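The chain contents come next:
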Amino acid sequence: MTPPPKGADAPGAEAPLLSVTDLRTYFHTNNGVARAVDGVSFTVAQGETVGLVGESGCGKSVTALSLMRLIQSPGRIEPGSSVRFEGTELLTLSEADMRRVRGNRMAMVFQEPMSALNPVFTVGDQIAEVARIHSRASRRDAWRQAVAMLELTGMPAPEQRAHEYPHQLSGGMRQRVLIAMALMMNPALIVADEPTTALDVTIQAQILELLADLQRRTGTSILMITHDLGVIAETARRVIVMYAGEVVEQSAVGPLFATPHHPYTEGLLAAMPRMGRRRDRLRVIPGTVPPPTDWPTGCRFRARCQYSWDRCANEHPPLYDLGDGRRSRCHLAVEPGRRAHPHEPLAAQAVPAR
């Protein structure tokens, strides 16, 4: 098996809405260079929902901010990176041109609604501002659009809520406000960064159903960023798994859940709580994500992997093509027999017994 060409998920297919190629976002600090996103490539098609998953510290949110060009110093997107959206290279646009894309054709739902919303303005004013900036709507028309968008998101009493401030709304309502802001200009792509974090399971389900319903109505594409594989199972068609700043597996949802290839994906799925499984049998992945200032040589997951061998320490694995659109950054793709001989990972020595 050989690595596929970078940046192309489906050769010969229609040009994707979003194409990310060799994205590298580094933070130049006093403690060294933190390679938070280190050569990430993927695509999102028109009308598609793609899940981007991984544990905290793997680079998911930095990837999202990079797509929106919201990285601040000491971070920077490195030369050679490419983010093409609707045929335009975003990384070479002027800031003025990027502002016309951001919030208009490409919008983001941030993971913490209390910090994403301005506490001194009503939510109606904040939503209306999007229309006033991008379509130059009058104050009255922008307000009407804001109320209509709140109604579209299922906000109870939208006219009343539009006059309220963020602290007067529940977490689920604030999340609906962020979604209304993102949808205000009918964008082609929504980047949703942990849109259900800190919400109870009932509100989570409502928000996910809302996003799915709005996608059916508007045809927008969604990049769903989360650590929750359950959310991905409910919403996405394809999954991109990140670990230590890299993509380690790409697959359609069904095959990934049925037969995960990369040991990290295997560990994530094994750690999911399931009905009928005793609490003391809940599995964990030993160890933690290594610091981005000191990624290991070879395979970055090898210290936490139960299948690792000498090749994993000496040779950094490419993203192997497994066929049927599946890819995995694991040498098991070419030496599958090693899977029959698992062992205790090195990182398990630092994990207390359960």
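Rules behind the numbers
- Positions within a chain are numbered from 1, following the residues in the order the chain's sequence is written.
- Under the rules for a predicted model, residues below a pLDDT of 70 receive no local features and side-chain atom pairs below 80 are neither given nor counted, while totals for whole chains, interfaces and linings still include all residues.
- Side-chain figures throughout are based on the complete set of non-hydrogen atoms in the structure, without hydrogens or water.
- In summary, the pairing rule links any two rings of Phe, Tyr or Trp, Trp by its six-membered ring, whose centres are within 6.5 Å, and it sorts them by plane angle into stacked for under 30 degrees, edge-to-face for over 60 and tilted for everything else.
- Only DSSP runs of H or I reaching four residues or more are called helices, and only runs of E reaching two or more are called strands; each is numbered from the N terminus.
- Accessible area is worked out with a 1.4 Å probe on protein chains only. A residue is then buried under 20% of its type maximum, exposed over 50%, and partly exposed in between.
- Any two residues having at least one pair of non-hydrogen atoms within 4.5 Å are treated as being in contact.
- pLDDT measures the predictor's confidence residue by residue and takes values from 0 up to 100.
- Points on a 1 Å grid, built from protein atoms alone, make a cavity when a 1.4 Å probe fits but cannot get out and make a pocket when they are open with protein on both sides within 12 Å along at least 5 of 7 lines; residues with an atom within 4 Å of a point are the lining residues.
- Grid points are joined across faces, edges and corners, and a volume is the space filled by probe spheres set on the points.
- Residue type decides the class: Asp, Glu, Lys and Arg count as charged, Ala, Val, Leu, Ile, Met, Phe, Trp, Tyr, Cys and Pro as nonpolar, and the leftover types, Gly among them, as polar.
- Each axis is a line fitted through C-alpha atoms, taken for helices only over the stretch in contact, and angles between the N-to-C directions span 0 to 180 degrees.
- Whether a crossing is left-handed or right-handed is set by the direction in which the near helix is turned from the far one by less than a right angle, anticlockwise for left-handed and clockwise for right-handed.

**Student:** Could you give me a rundown of the packing of aromatic side chains, with the residues and numbers involved?
**Tutor:** Taken as a whole, this structure holds three aromatic pairs when the rule is applied. For the pair Tyr243 and Phe301, a centre-to-centre distance of 5.1 Å together with 85° between the ring planes defines the contact as edge-to-face. With Tyr243 in strand 10 (residues 238-243) and Phe301 in the loop between helix 11 (263-270) and helix 12 (310-314), this pair connects stretches of sequence that are 58 residues apart. Here the two residues Tyr243 and Phe301 agree in accessibility, since each one is buried. Following the ring pairs from residue to residue traces out a cluster consisting of Tyr243, Tyr264 and Phe301.

**Student:** Can you explain the environment of Pro74? Please cite residues and give values.
**Tutor:** Structurally, Pro74 is set in the loop between helix 1 (60-67) and strand 4 (75-77). Separated by 41 residues in the primary sequence, Pro74 and Val33 have C-alpha atoms spaced 9.7 Å apart. Beyond its immediate stretch of four places on either side in the chain, Pro74 contacts Tyr26, Phe27, His28 and Thr29.

**Student:** Tell me about the confidence of the model for the protein, and please be specific about residues and values.
**Tutor:** Counting all residues, the mean pLDDT for the protein is 89, and 92% of those residues have values of 70 or more. Predicted confidence in the protein is weakest over helix 3 (residues 113-116), with a mean pLDDT of 78, and strongest over strand 5 (residues 82-85), with 98. Here residues 2-12 is a poorly scored stretch, pLDDT under 50, and it has 22 contacts once near neighbours within four places are set aside; other chains count.

**Student:** Mind laying out the environment of Thr43, listing which residues take part and the relevant values?
**Tutor:** Tracing the backbone through its elements, the reader meets Thr43 in strand 2 (residues 32-44). The class for Thr43 is buried, based on a relative accessible area of 6%.

**Student:** Can you explain empty space enclosed by the protein? Please cite residues and give values.
**Tutor:** A full pass over the atoms with the stated rule returns two cavities of 30 Å³ or more. Size it by volume and the largest cavity reaches roughly 70 Å³. Taken together, 14 residues line the largest cavity, and the ones lying closest to its centre are Cys299, Cys305, Cys312, Cys330 and His331. When the residues that make up the lining of the largest cavity are grouped by side-chain class, the tally is nine nonpolar, three polar and two charged. When grouped by side-chain class, the residues that make up the lining of the second largest cavity number five nonpolar, three polar and three charged.

**Student:** Please provide a residue-by-residue account of the layout of surface pockets, values included.
**Tutor:** What the largest pocket holds in volume is close to 750 Å³. Taken together, 26 residues form the lining of the largest pocket, with Gln126, Glu129, Val130, Ile133 and Met181 sitting closest to its centre. When residues of the lining of the largest pocket are traced back to their parent elements, those giving at least two are strand 7 (106-109), helix 3, helix 4 (123-134), helix 5 (139-152) and helix 7 (171-183). In terms of residue count, helix 4 provides more of the lining of the largest pocket than any other element does, eight residues in total. Across the lining of the largest pocket, the residue classes break down as 15 nonpolar, five polar and six charged.

**Student:** Help me get a handle on the packing of helix 4 against helix 5, residues and values and all.
**Tutor:** Two numbers describe how helix 4 lies on helix 5: the axes approach to 8 Å, and their chain directions differ by 115°. Considering how the two elements wind past one another, helix 4 and helix 5 form a crossing that is right-handed. Across from Gly124, Asp125, Ile127, Ala128, Ala131 and Arg132 in helix 4, the residues of helix 5 making contact are Arg139, Ala142, Trp143, Gln145, Ala146 and Leu150. Broken down by class, the residue content of the contact of helix 4 with helix 5 amounts to seven nonpolar, two polar and three charged.

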